[in-house]
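Here are the chains, one letter per residue:
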Amino acid sequence: SKPSPFLQPRSKTAPNDLAIISLSKDHFQQVTLRQSAGAIDGYAEGITLNTRFGSFPHSTLLDIPWGSQVRASNVDTGSRGRKRRRGEAEGEGTPSSLADDENDSPAPAAAAAAAAAAAPVKQATTAASGFIYVLRPTPELWTSSLPHRTQVVYTPDYSYILQRIRARPGTRIIEAGAGSGSFTHASARAVYDGYPAPSESASRGKVFSFEFHEPRYQKMQEEIRDHGLEGIVHISHRDVYQDGFLIDGQSPKVSAIFLDLPAPWRALHHLSRRKTLRGGSLDEGHEGWMSPLDPEQSVYICTFSPCIEQVTRTVTELRTLGWTDIDMVEIAHKRFNVMRDRAGPSTAPANVAQAMEKLKGDLKRTQEFHKAQKAAAANEMDVDGATLSAECRDSGRSEAPAWSKGQIVHRPENEFKTHTSYLVFAILPREWDEAAEAAAAAKWPCGK
Ligand code: SAM
C-alpha cells in the first residue's frame, strides 16, 4: 500500500500529494498537487490554485520542502482572466469570508479585481499579490480543513480524550460514529506503531470505526484509502445500537472506546465482557456470544454528548453495566497570544542615555532584519528544510537588553473552533478469576 502522508511524510512535495495550504494563521485549504504537461482550463501554466492572495500554478508548489512559503505568480489566465474583466465571479479557491488575514496583501481581492479591470483586454496576465505556505497534512490540519459532513471533534477535545483513553502505539480502539473522520485521523496516528518501517501489517494498533449513514461511510472509505490509512483504520457500515462491534464475527479485542453518537447508552450493552440484556441483567447462559473487548486488559471509554440529559442516561447505563471511575469533563479551550509589547510607560527608558541606547538597539535590529531578509531571499533553510523567517532566525542570537524588547503581555485570541460537549469517561477493569490468578502466579511466581 502507498505510504500515508499523515504517518510517513517525505521531506518534499510530490505530484498527487495531499497538501494543506495555509492562507493565513487560521485559514487552511486542502489541495491535491498535480503535475500538468501543458495548458489546462485556460491557464497556460497548467493546473493553478486560485486564492484571494493570488494564483499559484501547481508547478510552483511541487518538489519543494514542506512548510515552504510560496509567492503568487504572474499567471496567464487566458479565458478566465477575460471573464473576470467582464465582471464575472472568481473561480475556485477564492474564499470571500477571510476576515483576519495575515497575508501581506491589503484587500487583495479588491486589488486584483481593480487591476484586472484596468488591464488592457489583450493582456491575459494577472498581477501576483500575496503568499501561501504549503504544509504537510497532519490530523490537526486535516481537522481545520476537512469537508464537514457532520459536527466534528476538534483538536482540544480529541487530544485530551486520546490520552484519557490511553491511546498509544499498539492500542486497539473502537470509534462510532465516524462522521467526518476528524477523530479517526487523530486516533489513527495515536495508535500507529509501524515506525520506522511502515507496512500494512506492521501496526497492531488499529481503529475500528463504525458509521451507519451510507454516503458518509463511503466517503470515509475513500479518504482512508487516499490517505494510506487502510492498514490502521477498519471502517464498517453498521448501526451499532442494533448490531454491535464485532468484525466478521470476531472480537477486535479493543482496550479503548470513543462513542460520538446521539444515544451512546444504546450501544453500551454491546461493550460488555458478558452478554447483557438492555437494562443490565446478565444472561450468562447465552451461547456463542462474543465480547469485542480485550479480555486481558482494562478498557477505557469516552462518550461525547452535547446535552447533560444524554450524560445522565449514559452514566446510569455505565453504572448498571459495571463500569467504574466514571467522571465527566468539559473542555473550555482558550487561546492566548503571548508577546512583548513596547508601548506603555513601564517600558519607556528612564533617561536620555537609556533612550539613546534603545534607539541604537532599534537601528541595529532593523539593519539585521534587512540583512536577514536578503539572506532569506537567497533561500536559507533550517534543518528540516523549511524556510525560516528572518525574525525567527535572529531571535536566539539577539543581545539586546531584555527591557528594550518590551514587557511580556498576553491577550486572549479569537476562540479556536470547538464543538462544546460533555466528555464522560469510565473504566471497565479486566475480569479476574481462578484461572487468571493461576496464570499470573505461573508467569510471575511470588517469592521464588
Ligand atoms: N466523531 C466524528 C468526527 O470527529 O468527525 C463525528 C461524529 S458525528 C457527530 C456522529 C455520527 O454518528 C454521524 O455520522 C452519524 O451518522 C453516526 N451515527 C449515528 N447513529 C449511529 C449508529 N447507530 N450506528 C453507527 N453510526 C451512527
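Residues numbered from 1 in each chain as written. Predicted model: local features only at pLDDT ≥ 70, side-chain atom pairs only at ≥ 80, totals over all residues. Heavy atoms only, no water.

With that settled, the discussion passes to the overall build of the protein chain. Assigned secondary structure in the protein chain consists of 11 helices and 15 strands. In the protein chain, which comprises 448 residues, the proportion classed as buried is 43%. Within the protein chain, residue pairs in contact and separated by at least 24 positions form 74% of the contacts whose partners lie at least 6 positions apart. Carbon together with sulfur atoms contributes 53% to the accessible area of the protein chain, which is approximately 23800 Å² in total. (Helix = DSSP H or I, 4+ residues; strand = E, 2+ residues; numbered from the N terminus. Buried < 20%, exposed > 50% of the residue type's maximum accessible area, 1.4 Å probe, protein only. Contact = heavy atoms within 4.5 Å. Areas by Shrake-Rupley, 256 points an atom, 1.4 Å probe, with all protein chains shown as cover.)

At their nearest, the axes of helix α4 (residues 155-164) and helix α5 (residues 182-191) sit 10 Å apart, and the two run at 40 degrees to each other. Viewed along their axes, α4 and α5 adopt a mutual orientation that is oblique. Where α4 crosses over α5, the handedness of that crossing is right-handed. For the pair α4 and α5, the contacting residues are Tyr158, Ile161 and Leu162 in the first and Ser182, Phe183, Ala186, Ser187 and Ala190 in the second. Considered class by class, the residues forming the contact of α4 with α5 number 6 nonpolar, 2 polar and no charged. (Axes fitted to C-alpha atoms, helices over the stretch in contact; angles between N-to-C directions. Parallel < 35°, antiparallel > 145°, perpendicular 65-115°, else oblique. Left-handed = near helix turned anticlockwise from the far one by under 90°. Nonpolar A, V, L, I, M, F, W, Y, C, P; charged D, E, K, R; others polar.)

For the rest of this paragraph, the subject is α5. The element α5 is largely enclosed, with a buried count of 9 among its 10 residues. Those residues of α5 that fall on the buried side of the exposure criterion are Ser182, Phe183, Thr184, His185, Ala186, Ser187, Ala188, Ala190 and Val191.

Within the structure, the ligand sits among 22 residues, and Glu211, Arg216, Asp239, Val240 and Asp260 are positioned closest to it. The contact in question runs from an oxygen atom of the ligand to an N or O atom on the backbone of Val153, over 3.1 Å. Measuring from a nitrogen atom of the ligand, one finds a backbone N or O atom of Val240 at 3.1 Å. Taking 600 Å² as the accessible area of the ligand by itself, protein coverage stands at 93%. Mapped onto the shell around the ligand, the elements with two or more residues apiece are α5 and α7 (240-243). Split by residue class, the shell around the ligand holds 9 nonpolar, 8 polar and 5 charged. (Near = heavy atom within 4 Å. Polar contact = N/O pair within 3.5 Å; in protein donor to acceptor, adjacent residues only side chain to side chain.)

Attention now moves to the sheet that holds strand β1 (residues 18-24). With antiparallel pairing, the 4 strands of this open sheet are ordered in space as β2-β1-β6-β5. Each of the sheet's edge strands pairs with one partner strand only, and the pair in question is β2 (27-32) and β5 (69-71). Each adjacent strand pair in this sheet contributes to an overall mean axis angle of 35 degrees, direction not counted. In the sheet, β1 pairs with β2 via 6 bridges, with the strands oriented antiparallel. Among the inter-strand pairings, Ser24 is bridged to a residue of β2, identified as His27. (Pairing = 2+ DSSP bridges.)

This part is about the sheet that holds strand β12 (residues 324-330). Read from one edge to the other, the open sheet built from 7 strands follows the order β9-β8-β7-β10-β11-β15-β12, with strand pairing classed as mixed. A single partner strand is all that each edge strand has here, and the edge strands are β9 (233-237) and β12. The mean angle between the axes of side-by-side strands here comes to 15 degrees, regardless of whether they run parallel or antiparallel. Bridge count between strand β10 (residues 256-259) and strand β11 (residues 299-305): 4 bridges; the pairing is parallel. Opposite Ile257, over in β11, you have Ile301 as the bridge partner. Against the sheet, α5 touches β7 (172-176), β8 (206-211), β9 and β10, its axis set at about 160 degrees to β8. On top of the sheet, helix α8 (residues 308-320) reaches β11, β12 and β15 (422-428); it is set at about 5 degrees to β15, its chief contact.

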